[in-house]
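# Survey of secondary and tertiary structure
The primary structure of each chain is shown beneath.
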Amino acid sequence: MKIECLPTDDDTDMDLIKKMSAINGFKCNLHVLVNFATQAESGLKLWEQNILESVDCSSFFSPSCCDFIRASTKLCVPGADEKSGYGLLFKTFLNQLEPPVDLQLTTFHGHRINLLFSMGASVFHHRNHIKLFIENYFNKEDRNRLLCAVYNYVNNPVYLAGCRALERQLSDCLPGGIFNENTEGVNKDLRVESTTVATTNIVSERDFANLDRLRREKPNANTIALEGIILFSNNKTLRWLDDMNVEKKAEVFKIAREKTPEIIKQFRKRKEEIKKNHMLLLKQRKEEKERKALKKQEEVKALTIEIQKYGGLWLNLKDLNLNLKKSEDKSEAVKTQIKFHKKVLKTNTEDKTLLQFSANSIQFNFEELLSHLKVLINFSSHSKDMGMKKIFQTIMKILL
């Protein structure tokens, strides 16, 4: 959390504010699982591509371990996919086995954090059950696409192995990380000072879920009313009031009624401040957009002037050979032509290295740049868009 966002007054201890800022920088442990899943998914896909490079995958399913898990839950969980799934039938199949087997899978909807971990383990657990279920009850020619996809997955050991895979993360807590006690400069007392910090932000996530529900149920309620409902529930205010005697309760209600106008006044003041900040932000974004547009226009103008030094835009190989002979700095001439294709003509090729001067931190030599330019000229001359010559002439009229 930024220090300037924390509430302060004249008596605030700045050292305390800095400590609060550090504590508020902790990460939610549940979101670490999400990051685990993201990294694991990327790693698994790369691994699968290398392992299955020569395998001919059927067109009706995606060759991915993560899609294997999703497809299995859609097929085997009741209610997950009413159109193509067989969740109730699969559950019945498990119950009639000897001994009966409990279904460990659950729908992935609403389980984003646990999908690749608990569900991956569950799919691996049910791998033989899924295979047996499909083979015994569905003829090959009668299977829908979901059944075919899952059957292909469950018979491939690569995807089964992927269900067991994990990727390492948590770099902030590892040696050298900002929360590792052995990292130089890290506050050694931070662990003790932060013992009361929640390990996850599940409470605030739940508050936002309740807010979304209340907005649907009470569309005309203002924010302060919805905030009151959520706080009333979170703070167990009803239980607190029930424990009071009649006189104390009446006194509390009186204070609440007296404070209400001031609270509403503060709320409206905050709304006005937020509105002003939003207006300021919109103004800044508009100015930034105009600044970038002006900078881009200046860049196009500078390139258009610079390209004139080398005989203008080279429209074909004849222009290239003719003007290249006249140029003293041939390398700079070729680079200027490539920059013009990239910045002004917006030449869109599949191979983006054609518009670059280097790749993987290695500079292209003159012969490579010249070869790239020839490809760009040939590509642009055969483009279905407006011809390069007409574009160039239009830019010259506007800028010069």
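Residues numbered from 1 in each chain as written. Predicted model: local features only at pLDDT ≥ 70, side-chain atom pairs only at ≥ 80, totals over all residues. Heavy atoms only, no water.

The next point concerns the overall build of the protein chain. When you go through the protein chain residue by residue, the secondary structure sums to 17 helices and two strands. Among the 400 residues that make up the protein chain, the fraction classed as buried is 28%. In the protein chain, 62% of the contacts between residues at least 6 apart in sequence involve partners at least 24 apart. (Helix = DSSP H or I, 4+ residues; strand = E, 2+ residues; numbered from the N terminus. Buried < 20%, exposed > 50% of the residue type's maximum accessible area, 1.4 Å probe, protein only. Contact = heavy atoms within 4.5 Å.)

By the secondary structure assignment, serine 122 is in helix H5 (residues 115-125). In this structure serine 122 comes out as buried when scored by relative accessible area, which is 10%. The sequence separation of serine 122 and glutamine 104 amounts to 18 residues, and the corresponding C-alpha distance is 5.7 Å. Those residues in contact with serine 122, other than ones at most four positions away along the chain, are Gln104 and Leu105. In this structure the side chain of serine 122 is engaged in a polar contact, spanning 3.2 Å, whose partner is the backbone oxygen of glutamine 104. (Polar contact = N/O pair within 3.5 Å; in protein donor to acceptor, adjacent residues only side chain to side chain.)

With that settled, the discussion passes to the packing of aromatic side chains. Within this structure, the stated rule accounts for eight aromatic pairs. Centre to centre, the rings of phenylalanine 68 and tyrosine 153 are 5.1 Å apart; their planes meet at 25 degrees, and the pair counts as stacked. With a gap of 85 residues between them, phenylalanine 68 in helix H3 (residues 65-76) and tyrosine 153 in helix H7 (residues 145-154) connect regions that are remote in the sequence. Judged by relative accessible area, tyrosine 153 falls into the buried class, the value being 2%. (Phe/Tyr/Trp six-rings, centres within 6.5 Å; stacked < 30°, edge-to-face > 60°.)

On to the pattern of salt bridges, then. The tally for this structure, following the rule as stated, stands at five salt bridges. For aspartate 81, the salt bridge goes to lysine 74, with nearest N and O atoms at 3.7 Å. For aspartate 81, a relative accessible area of 17% gives the class buried. For lysine 74, a relative accessible area of 30% gives the class partly exposed. Among the salt bridges present, the one from glutamate 299 reaches lysine 343, with a minimum N-O distance of 3.7 Å. (Salt bridge = Lys/Arg side-chain N within 4 Å of Asp/Glu carboxyl O.)

Another aspect to go through is the nonpolar core. Membership of the largest hydrophobic core comes to 29 residues, with the highest contact counts inside it found for Phe68, Leu75, Phe90, Ile130, Ile134, Val150 and Cys163. Those elements giving two or more residues to this core turn out to be H3, helix H4 (87-95), H5, helix H6 (127-137), H7 and helix H8 (157-162). Beyond its immediate stretch of four places on either side in the chain, leucine 75 contacts Ser84, Gly85, Tyr86, Gly87, Ile134, Leu146, Leu147 and Val150. With 15 residues, the next largest nonpolar core counts Leu320, Leu324, Leu354 and Leu373 among its residues. (Core = buried A, V, L, I, M, F, W, Y, C linked by side-chain atoms within 4.5 Å.)

Here we come to helix H11 (residues 223-234). Helix length check: H11 (twelve residues) gives 16 Å between terminal C-alpha atoms against 16 Å at 1.5 Å per residue, within 8%. Lysine 236 sits one or two positions beyond H11 and adopts a positive phi of about 55 degrees. (Expected span 1.5 Å × (residues − 1).)

Attention now goes to the packing of H11 against helix H13 (residues 246-307). Closest axis-to-axis distance for the H11/H13 pair is 10 Å, and the angle between their directions is 120 degrees. Regarding the angle of H11 to H13, the classification is oblique. On H13, the residues touching Thr223, Ile224 and Glu227 of H11 are Ile263, Ile264, Phe267 and Arg270. (Axes fitted to C-alpha atoms, helices over the stretch in contact; angles between N-to-C directions. Parallel < 35°, antiparallel > 145°, perpendicular 65-115°, else oblique.)

Before going further, it helps to spend a moment on the environment of valine 77. If you trace the backbone, valine 77 turns up in the loop between H3 and H4. Taking the C-alpha atoms as reference points, valine 77 and leucine 105, separated by 28 residues in sequence, lie 6.4 Å from one another. If we skip the residues at most four places from it in the chain, valine 77 touches Gly87, Leu105, Thr106 and Thr107.

So, on to the packing of helix H14 (residues 317-326) against helix H16 (residues 366-381). Between H14 and H16, the shortest axis-to-axis distance is 10 Å and the interhelical angle comes to 145 degrees. On H16, the residues that touch Leu317, Leu320 and Leu324 of H14 are Phe366, Leu370, Leu373, Lys374 and Ile377. Residues that form the contact of H14 with H16 fall into these classes: seven nonpolar, no polar and one charged. (Nonpolar A, V, L, I, M, F, W, Y, C, P; charged D, E, K, R; others polar.)

The next thing to look at is H16. An ideal rise of 1.5 Å per residue puts 22 Å on 16 residues; H16 measures up with 22 Å between its terminal C-alpha atoms. Along H16, the residues classified as buried are Leu369, Leu370, His372, Leu373, Leu376, Ile377 and Ser380. An end-on view of H16 places all buried positions within 160 degrees of arc, on one side of the element. Capping of H16 at its N-terminal end is provided by asparagine 365; its side-chain oxygen lies 3.2 Å from the backbone amide nitrogen of glutamate 367. (Arc of directions from axis to C-beta.)

What follows concerns the confidence of the model for the protein chain. Per-residue confidence for the protein chain averages 80 on the pLDDT scale, and 74% of its residues sit at or above 70. Here residues 54-60 scores under 50 on pLDDT; set against residues more than four positions off or in separate chains, the count is seven contacts. (pLDDT = per-residue confidence, 0-100.)

This paragraph deals with unusual backbone geometry. For the bond running from glutamate 98 to proline 99, omega is -5 degrees, close enough to zero to count as cis. Counting through the fold element by element, proline 99 comes out in the loop between H4 and H5. Unlike most non-glycine residues, lysine 346 shows phi in positive territory, near 55 degrees. Structurally, lysine 346 is set in the loop between helix H15 (330-343) and strand E1 (358-359). At serine 361, a residue that is not glycine, the phi angle is positive and equals roughly 65 degrees.

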